[in-house]
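# A structural walkthrough
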Amino acid sequence: MDILVYGTINSIILALMSLGFTLVYSISRLPNFAHGALYIATGYTVWMLLNSLELSYPLAILIGILGTAASGALIYRFALIRVRGMEISEVIASYAIGLAIIEGLRWGGLRGSTFTLPSFMSGSITFFDVSIDYQRLIIMVTGFAVFVMLYLFTRFTKTGLAFRGIAQDERASMMLGIDSDFTAILSLAIGSGLAGLSAVILLPLGNIVVETGYNVLIFSIAVSIIGGLGSWSGVVVASFIIGFAQILTEVFLSSHYQMVVALLAIIVTLLIKPSGIMGKQKELEERV
Amino acid sequence: MLKASDLMVFYENMLALNNVTIDIKSNSITGIFGSNSAGKSTLMHMISGIILDMQKKEEMKGGERISSYGTIDFEHQEISKLKPHERARMGIILCPERRRIFAESSVMENLKIGAFLSTSAETKENLDYVLHIFPHLTKHLHRQGGFLSGGEQQMLAIGRAIMAKPKLLLLDEPLLGLSPLYQKIVVTAIKEIRNSKKIAIIITEQYARPIIPIIEYGYIIENGSSVLEGTGNELLDNPDVKSAYFGV
């Protein structure tokens, strides 16, 4: 039973981490390799606001997420816009920015295990003999809420519909008056905001350490490749596969193998079905 | 309403459009006829601004060098440097060749994405209008765009373009691959759109016969040059045109 419960929680954590990455890729075809850096930067910003400026926790969180969203938009506006369309350069540019942020934080003093964010609520409940703390419960609820809100956003608002149009056929959307650069800026802002949101609710589970930035990036890439690049339903499916695989290895082997599982899953996916689990439709299109 | 002068486009060193000048009057239907690779689609891309996007993408990829020259005057404004979405905002909407339907979205969603530039009142009005001229779409509203037949997709593409409230509607080969029955429906609908919406429409087509009855003016393009122009009847009476574009 705890495998089921903690597997589900772990899967939702993975889905939250990688959702921002997939969202940006599906809309703008931009691989945002600064995703992990933005994640950890949000955590550190919130910590600073809490401890140096002594703001209230909710306010710090709000500023942290909005700040990350804004930096995502700025990254596109001033860096990625110049290399858009050159795939390798997109990867190099965004990764360089991510690297600069992460190593900058390390240089700026984010070392050791003294940085923690308080959890929103302490305590736990028991659910079928498994005890779950409130923070993990909040994560589950937020995960569901984010997915529902994104679904509603992309189907019932004008901007969301423009996103869906651009994601499917950029040029046809332009002909209908949708600005591709504007949607890209917006998608990066939302994607980065999601990275920030997941950082704020996931980081209270542990310490804020810079290495998390790299791990988040690797997990996001693993989830998006296995789910099929740019497929949202793929994110959910892949998160559950990796999430449960990780919990199972933790139970039966050792927690050191968590990263190995994710990377192994990438290799297996690329060998068996390179387009990913939910990448079917795109694969078909390419063949036609 | 639109005057495009001395348009020239090169793909690398290949001349795709050579000094083409067209003049579009408001509330009229203009036909542009020419065989494969005569430059019809390039002309549509020039007017809608898509050529600028192609230029940028190719340049980024290190691919083909596309260069374009000429002036385009739309409602007394020079627009040849404006981006496609800015031109769409001014009312130039292109309904592209091969339709480019959003395949994963339902018919309804395709139309809603098309209404990006409209207010919700306009959206509602135009939606009713599209379903009125294409009643076929009504029963497929919740079907995925990719699962429609070619004729239905073409109706959807035109409907989607109307949702963007065009002042100048560009239809690039709307009859391509349609059965004679669907061709007739589409041609009737185009005429009906012009009559009720009072907009200007440009249609390109390889085969002129189904279109000629509804056009006010037409151009014939060969190898990138405009070789002949005139009203529908003038084109019909020209013996060369007759043999080349009407199969007589």
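A quick note: this is a predicted structure, and the numbers were derived from the prediction, not measured.

### Some words on the overall build of chain B
- Each helix and strand counted, chain B has 10 helices and 9 strands in total.
- In terms of overall size, chain B behaves like a compact globule, its C-alpha atoms giving a radius of gyration of 18 Å where 248 residues would be expected to give roughly 18 Å.
- Looking at chain B residue by residue over its 248 residues, the buried ones come to 54%.
- Of the charged side chains in chain B, 28 are positive and 28 negative; the average position of the first set lies 5 Å away from that of the second.

### Some details on the packing of aromatic side chains
- Under the counting rule described, the total for this entry stands at 10 aromatic pairs over all chains.
- Between Phe-33 of chain A and Tyr-95 of chain A the ring centres are 6.3 Å apart and the planes differ by 80°, which places this aromatic pair in the edge-to-face class. Of this pair, Phe-33 of chain A sits in the loop between helix H1 (2-28) and helix H2 (35-51) while Tyr-95 of chain A sits in helix H4 (residues 87-107), and the two are 62 residues apart along the sequence.
- Where Phe-240 of chain A meets Phe-244 of chain A, the ring centres are 6.2 Å apart and the plane angle is 25°; that geometry is what we call stacked. Linking Phe-240 of chain A with Phe-244 of chain A, this pair stays in helix H10 (residues 232-252), spanning 4 residues, or about one helical turn.
- A residue is classified by how much of its surface remains accessible, and Phe-240 of chain A, at 31% relative accessible area, is partly exposed.
- Looking at Arg-77 of chain A, its charged tip hangs above the ring of Phe-78 of chain A, at a distance of 5.5 Å from the centre.
- The ring of Tyr-129 of chain B has Lys-197 of chain B sitting right over it, with the charged end atom 4.6 Å from the ring centre.

### Let's talk about the side chain of Ser-48 of chain B
Residues and elements named next belong to chain B.
- Along the chain, Ser-48 turns up in helix H1 (residues 40-48).
- Given a relative accessible area of 4%, Ser-48 falls into the buried group.
- The contacts of Ser-48, once residues within four sequence positions are left out, are Pro-84, Arg-87, Ile-92, Leu-94 and Leu-170.

### As for the sheet that holds strand S1 (residues 2-11) of chain B
All names here are of chain B.
- An order of S2-S1-S4 is seen for the 3 strands of this open sheet, with the pairing classed as antiparallel. Of all the strands in the sheet, the pair left with one neighbour each is strand S2 (14-24) and strand S4 (66-74). Looking at each pair of strands side by side, their axes are set apart by 5° on average, direction ignored.
- Strand direction decides the pairing type here: S1 and S4, joined by 8 bridges, are antiparallel. Pairing of Lys-3 across the sheet is with Asp-73, part of S4.
- Sheet strands touched by H1: S1, S2 and S4. Its angle to S2, the strand with the most contacts, is close to 60°.
- In the packing of helix H2 (residues 50-61) onto the sheet, contacts are made with S1 and S4, and the angle to S4 comes to roughly 155°.

### Overview of the interface of chain B and chain A
- Between chain B and chain A, the residue contacts involve 34 residues of the former and 29 residues of the latter.
- Around 2,700 Å² of area is buried between chain B and chain A when both sides are counted, 56% of it from carbon and sulfur atoms.
- Broken down residue by residue, the surface that chain B buries against chain A is led by Met-60, Glu-104 and Phe-116 of chain B, which jointly contribute 26%.
- The interface formed by chain B and chain A holds 5 salt bridges in total.
- The salt bridge partner of Asp-169 of chain A is Arg-100 of chain B, with a shortest N-O separation of 2.9 Å.

### Describing the sheet that holds strand S5 (residues 92-95) of chain B
Residue and element names in this part refer to chain B.
- Across the sheet, which stays open at both edges, the 6 strands sit in the order S5-S6-S7-S3-S8-S9 with mixed pairing between neighbours. Both outer strands of the open sheet, S5 and strand S9 (225-230), are each paired with one neighbouring strand and no more. For this sheet the average axis-to-axis angle between neighbouring strands, irrespective of direction, equals 20°.
- Examined bridge by bridge, strand S3 (residues 29-33) and strand S8 (residues 217-222) share 4 bridges and lie parallel to one another.

### A short note on the pattern of salt bridges
- Tallied over the entire structure, the rule returns 16 salt bridges over all chains.
- The salt bridge involving Asp-181 of chain A is made with Lys-83 of chain B; its shortest N-O contact spans 3.9 Å. Pair noted here: Asp-181 of chain A is in helix H8 (residues 180-202) and Lys-83 of chain B is in the loop between S4 and helix H3 (84-90), and the two residues belong to different chains.
- Accessibility expressed as a relative area gives 39% for Lys-83 of chain B, which makes it partly exposed.
- Residues Glu-216 of chain B and Arg-194 of chain B are paired through a salt bridge, measuring 2.8 Å at the closest nitrogen-oxygen approach. Separated by 22 residues along the polypeptide, Glu-216 of chain B in the loop between strand S7 (200-205) and S8 and Arg-194 of chain B in helix H8 (residues 180-197) bring together distant segments of the chain.
- Connected through shared salt-bridge partners, Glu-170 and Arg-171 of chain A together with Asp-53 and Lys-57 of chain B make up one network.

How each quantity is defined
Residues numbered from 1 in each chain as written. Chains lettered and ligands numbered in written order. Predicted model: local features only at pLDDT ≥ 70, side-chain atom pairs only at ≥ 80, totals over all residues. Heavy atoms only, no water. Helix = DSSP H or I, 4+ residues; strand = E, 2+ residues; numbered from the N terminus. Rg over C-alpha atoms; globule rule 2.2 N^0.38 Å. Buried < 20%, exposed > 50% of the residue type's maximum accessible area, 1.4 Å probe, protein only. Lys, Arg positive; Asp, Glu negative; His and termini not counted. Charge placed at Lys NZ, Arg CZ, Asp CG, Glu CD. Phe/Tyr/Trp six-rings, centres within 6.5 Å; stacked < 30°, edge-to-face > 60°. Lys NZ or Arg CZ within 6 Å of the ring centre and 35° of its normal. Contact = heavy atoms within 4.5 Å. Pairing = 2+ DSSP bridges. Axes fitted to C-alpha atoms, helices over the stretch in contact; angles between N-to-C directions. Buried area = accessible area lost by both parts, 1.4 Å probe. Salt bridge = Lys/Arg side-chain N within 4 Å of Asp/Glu carboxyl O.

Treat this as a map of the structure, not an account of what it does.
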